[in-house]
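Each chain, letter by letter, is given below.
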Amino acid sequence: MPGSERGRIMMKYADLVEQHAEELTLLESLDAGKPRMATRAVDLGTSVRSLRYFAGAADKIHGETLKMSRQFQGHTLREPIGVAGLIIPWNFPAIMFFSKVAPALAAGCTMVVKPAEQTPLSALYFAHLAKQAGVPDGVINVITGFGPTAGAAIASHMDVDMVSFTGSTSVGRLVMEASARSNLKPVSLELGGKSPLIVFDDADVDMAVGLAISANFFNKGEACVAASRVYLQEGIYDGFVKKLAQRMESWVVGDPFDPRVNQGPQV
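What you see is a predicted model; the values in this text were computed from it and never measured.

J.: Just checking my understanding: could you explain helix α3 (residues 36–57) for this structure?
T.: Residues three or four positions apart in an α-helix share a direction because the helix packs 3.6 residues into each turn. The end-to-end C-alpha separation of α3 is 31 Å, in line with the 32 Å expected for 22 residues at 1.5 Å each. At G45, α3 shows its strongest bend, of approximately 25°. Buried within α3 are the following residues: T39, D43, L44, G45, S47, V48, S50, L51 and A55. Buried residues in α3 make contact with α1 (3–19), α2 (21–32) and α4 (93–107).

Below, the structure written as structure tokens:
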């Protein structure tokens, strides 16, 4: 299929996701415990933008013409790699679905998508919308299951041509090992990590407290870039801790469908 046609279908797909954003928001909040308002604005908004961005890239995949030293023709040609195995985490089910599916679609690949067993609902709905958008049967294949069975099957399958995995470092090692033992398929890994936030004496303490809260509690702290440790220089330690405790007294944990709630249940 020409890239321009893939882009047209992807644009329609983005429109359908946008039209069904309310149902998808409810699914994502039920499944992952995300506060409803943030899910609608962040998760679904980012998903639609990602899909439209890569739709625009579908007909702009170019190689290079190389100047040769002798009378030869030299050029590079970028082609779809084939079947992509896409394994998605539970912390951002919708965003991670499209951060993997959208570029694979734009490139002209087919794919097998395994959502996390904790949060499979939005991926199934996205597959339903893909069919409505005109994505041909067999291009986006969503399978639900557990990592040691369904995930391992993708990583070790001889007909899967590459794997993109987002999740823990320990499982990333298993994915890379399975890929190496099978058909040496390329592997793209985005693995977990927790980053410290460092605050020095000359910092604006009120601003730093606000940043520490958002950096640690954004998406319930379920983020690979969460600042789950705060290192403070001694001169501001007592004042920082006091202000942080005061700010967190008003933090509300509870029903993600209650607009007053800051944080829903952990996955």
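Let us keep going from here.
J.: Would you explain the sheet that holds strand β5 (residues 140–142) in this entry?
T.: Hydrogen bonding along the main chain pairs the strands of a sheet, whether they run parallel or antiparallel. The strand order β5-β4-β3-β6-β7 describes an open sheet built from 5 strands, whose pairing is parallel. At either margin of the open sheet sits one strand with a lone partner, and together these are β5 and β7 (187–191). Strand-to-strand twist in this sheet, taken as the mean axis angle between neighbours without regard to direction, amounts to 15°.

J.: Can you walk me through the side chain of S50 in this structure?
T.: For S50, the position within the fold is in helix α3. Judged by its relative accessible area of 16%, S50 is buried. Each residue touching S50, except ones within four places of it in the same chain, is listed here: F98, S99 and A102.

J.: Hey, could you run me through the pattern of salt bridges in this one?
T.: Any two side chains of opposite charge can pair if their charged atoms end up close together. Summed over the entire model, instances satisfying the criterion amount to 12 salt bridges. Residue K60 is joined to D59 by a salt bridge in which the shortest nitrogen-to-oxygen separation is 2.9 Å. Overall, K60 belongs to the exposed group, its relative accessible area being 52%. Residue D59 is classed as partly exposed on the basis of its relative accessible area of 42%. The salt bridge partner of K131 is D137, with a shortest N-O separation of 2.7 Å.

J.: Help me understand the packing of aromatic side chains in this model?
T.: Describing an aromatic ring pair means giving the distance of the ring centres and the angle of the ring planes. Applying the stated rule across the entire model yields 7 aromatic pairs. Consider the rings of F97 and F98, whose centres lie 5.0 Å apart with planes at 80°: the pair is edge-to-face. The buried category is assigned to F97, whose relative accessible area is 1%. By relative accessible area, F98 is classed as buried at 0%. Among the aromatic residues, those joined into a cluster by ring pairs are Y13, F97, F98 and F126.

J.: What am I meant to see in the packing of helix α8 (residues 205–217) against helix α9 (residues 234–248) here?
T.: Between two packed helices, both the angle of their axes relative to each other and the distance between the axes serve to describe the pair. In the contact formed by α8 and α9, the axes pass within 10 Å of each other and the chain directions differ by 55°. Judged by the inter-axis angle, α8 sits oblique to α9. Considering the relative orientation of α8 and α9, their crossing is right-handed. In this structure, α8 contributes V205, D206, A208, V209, G210, A212, I213 and F217 to the contact, and α9 contributes I236, F240, K243, L244, R247 and M248. Looking at the contact of α8 with α9, its residues break down into 10 nonpolar, 1 polar and 3 charged.

J.: Please clarify how the domain arrangement of the protein should be interpreted in this entry.
T.: You'll often see interface size given as the accessible area lost when the parts meet. If you check the domain split of the protein, you get domain 1 (3–61 + 81–190) and domain 2 (196–249). Domain 1 and domain 2 are separated by 33 Å when their C-alpha centres are compared. In this assembly, 8 residues from domain 1 lie in contact with 6 residues from domain 2. Between domain 1 and domain 2, a total of about 510 Å² is buried, with carbon and sulfur atoms accounting for 57% of that surface. Of all residues in domain 1, the largest losses of buried area upon contact with domain 2 belong to W90, N91 and F92, amounting jointly to 53% of the total for that side. Counting across the interface, domain 1 meets domain 2 through 0 salt bridges. Where domain 1 meets domain 2, there are 4 residue pairs in polar contact (both at pLDDT 80 or more). Across the side of domain 1 that touches domain 2, the residue classes tally to 4 nonpolar, 2 polar and 2 charged.

J.: What am I meant to see in a nonpolar patch on the surface here?
T.: Nonpolar side chains collect at one region of the surface, where L26, L30 and F257 lie side by side and expose about 260 Å² of accessible area between them. Here L30 lies in helix α2.

What counts and what doesn't
The residue count restarts for each chain, going from 1 along the sequence in the order it is written. This being a predicted model, a pLDDT of at least 70 is required before a residue's local features are given, and a value of 80 or more before pairs of side-chain atoms are given or counted; all residues contribute to the totals for chains, interfaces and linings. The side-chain quantities take in all heavy atoms of the structure and omit both hydrogens and water. Here a helix means four or more residues in a row that DSSP labels H or I, a strand means two or more in a row labelled E, and each is numbered from the N terminus. The span you would expect from a helix comes to 1.5 Å times its residue count less one. A residue's bend is simply the angle between two axes: one fitted to the seven residues ending at it, one to the seven starting at it. Buried, partly exposed and exposed residues are distinguished by accessible area as a fraction of the type maximum, computed with a 1.4 Å probe on protein chains only: under 20%, between the cut-offs, and over 50%, respectively. Residue contacts are counted whenever heavy atoms from the two residues lie within 4.5 Å of one another. Note on pairing: DSSP must find at least two bridges between two strands before they are called paired. Fitted lines through C-alpha atoms give the axes, limited to the stretch in contact for helices. The angle between two N-to-C directions lies from 0 to 180 degrees. Here a salt bridge means any side-chain nitrogen of Lys or Arg lying within 4 Å of a carboxyl oxygen belonging to Asp or Glu. Two rings from Phe, Tyr or Trp (for Trp, the six-membered ring) form a pair when their centres sit within 6.5 Å of each other. Planes less than 30 degrees apart are called stacked, planes more than 60 degrees apart edge-to-face, and all others tilted. Any angle between 65 and 115 degrees counts as roughly perpendicular, while under 35 counts as roughly parallel, over 145 as roughly antiparallel, and the rest as oblique. Handedness of each helix crossing follows the sense of rotation of the near helix against the far helix: counterclockwise by less than a right angle gives left-handed, clockwise gives right-handed. In this classification, Asp, Glu, Lys and Arg are treated as charged, Ala, Val, Leu, Ile, Met, Phe, Trp, Tyr, Cys and Pro as nonpolar, and every other residue, Gly included, as polar. Boundaries of every domain are those given by an automatic assignment or by a domain database. Simply put, the buried area is the total loss of 1.4 Å probe accessible area from both parts when two parts are fitted together. Pairs of N or O atoms within 3.5 Å make up the polar contacts considered here, provided that, within protein, one atom can donate a hydrogen while the other can accept it, and that residues adjacent in sequence are counted only when both atoms are side-chain atoms. Patches here are clusters of residues that have more than 30% relative accessible area and form no salt bridge, with a 9 Å joining cutoff for like charges and a 5 Å cutoff for nonpolar side chains (Val, Leu, Ile, Met, Phe, Trp, Tyr). Methods summary: accessible areas were calculated by the Shrake-Rupley approach with a probe of 1.4 Å, and residue burial reflects only the protein chains presented.

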